Amino acid sequence: MTGPTVAVLTALSLEYTAVRGHLTDIHKREHPRGTRAEVGTLAGTPWSVALVQMGEGNLTAAALTERVMTWLEPDAVFFVGVAGGLKDDIALGDVVVATKVYAVHGGKETPDGFHVRPEAWRASHRLRAAAQDALRDDPRAHLKPIAAGDVVLAASESALAEHLKKYYNDAAAIEMEGAGVVSAVDLAGGDALVIRGISDRADGDKSRVDGAGWQPRAAASAASAVVAVVRELRPFGGRAGSAGREGDDSDQEGPHSAGTYGGDHLDFRNSTFNGPFTAKKWGER
């Protein structure tokens, strides 16, 4: 793809549809192994948005995020959708932007009980800063940690609920894919942000609340939030290894701001030499 691109990943169809409604000039792409994306334009911005529905679960999310990173080479990755709320002061339909994503099922079972071995990934500073600016005046947007597990939590009085209260007490929401996405993006040297609309309370009332239509409303809130963040985000050259692409290099760090050199210049950015270096023209003896 040409031009700056962000990938927006979802687990569910309703989450996908909520984001798709903000895009224009949509066309389809298909990976050789069958993964599909729709790429559209976000009007009023320089960004193309590659939209992919991955399905549920952290393992699936990690595998397909890695595929998206190598296939579509996005400058940033957003995971967008619905989640269960864990805090009473965050209402249904509110949005949680993950400042951290916890993988909550790691640990060791011993005769003395379960010993937690937590893993956590912080949000990309660049994307978090854009989210702060974009959503600062929205009282229904909250920048808080999110927990990512491998089961649906639908009981407030349960072993998992107590586990979260004890070991991940600052988590404002729980979902099932965020850890897979951010771990894959982190390994690829990229920028990721998880944005979730609160569709239930992660308790025994989940089925009734889902039946009342809160999932599509929460998905719409999350979609609007990611659009606001992308509108705030400036092109920045993307992940490691893509800085030489054509585009706006004004924000690149270091003494050199241009993407390429021409003429008799040699580009030694990010190089290290432990001794003298001699260059000579081609054909010189």
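Heads up: the structure comes first, above all this text.
Residues numbered from 1 in each chain as written. Predicted model: local features only at pLDDT ≥ 70, side-chain atom pairs only at ≥ 80, totals over all residues. Heavy atoms only, no water.

1. Let's talk about the environment of asparagine 58
Our working rule: For the purposes of this entry, the term helix denotes a DSSP run of H or I that reaches at least four residues, the term strand denotes a run of E that reaches at least two, and both are numbered from the N terminus. In this analysis, two residues are considered to be in contact whenever any of their non-hydrogen atoms come within 4.5 Å of each other. A 3.5 Å cut-off defines polar contacts: any pair of N or O atoms within that distance qualifies, except that in protein one atom must be a possible hydrogen donor and the other a possible acceptor, and neighbouring residues in sequence count only when both atoms are side-chain atoms.
Here asparagine 58 shows up in helix H2 (residues 58–72). Put simply, asparagine 58 and aspartate 150 are 92 residues apart on the chain and 6.8 Å apart in space, counted from C-alpha to C-alpha. Excluding residues that lie within four positions of it along the chain, asparagine 58 makes contacts with Ala148, Gly149, Asp150, Met176, Glu177, Gly178, Ala179 and Gly180. Here alanine 179 takes part through its backbone nitrogen, which lies 3.3 Å from a polar atom of the side chain of asparagine 58.

2. Quick word on the pattern of salt bridges
Our working rule: When a carboxyl oxygen of Asp or Glu lies within 4 Å of a side-chain nitrogen of Lys or Arg, that pair is called a salt bridge. Buried, partly exposed and exposed residues are distinguished by accessible area as a fraction of the type maximum, computed with a 1.4 Å probe on protein chains only: under 20%, between the cut-offs, and over 50%, respectively.
With the rule as written, the count across this model stands at 12 salt bridges. Close ionic contact of glutamate 38 with arginine 20 constitutes a salt bridge, the shortest N to O distance being 2.7 Å. With glutamate 38 in strand E3 (residues 36–41) and arginine 20 in helix H1 (residues 13–20), the pair connects residues that are 18 residues apart, well separated along the chain. Overall, glutamate 38 belongs to the buried group, its relative accessible area being 10%. Residue arginine 20 is classed as partly exposed on the basis of its relative accessible area, which comes to 35%.

3. Regarding the side chain of threonine 45
Residue placement: threonine 45 occurs in the loop between E3 and strand E4 (48–53). The exposure class assigned to threonine 45 is buried, which follows from its relative accessible area of 16%. One polar contact links the side chain of threonine 45 to the main-chain amide nitrogen of tryptophan 47, over a distance of 3.1 Å.

4. Notes on the nonpolar core
Here is the rule we go by: Here, nonpolar core means buried Ala, Val, Leu, Ile, Met, Phe, Trp, Tyr and Cys residues that are tied together by side-chain atoms lying within 4.5 Å of each other.
Counting residues in hydrophobic clusters, the biggest one holds 37 residues, and the most contacted among them are Leu9, Met54 and Val181. The biggest single contributor to this core is H2, with 6 residues. Aside from chain neighbours lying at most four places away, what touches methionine 54 is Leu9, Thr10, Thr60, Ala61, Leu64, Thr65, Phe79 and Val181.

Any functional reading would require information that these geometric values do not contain.
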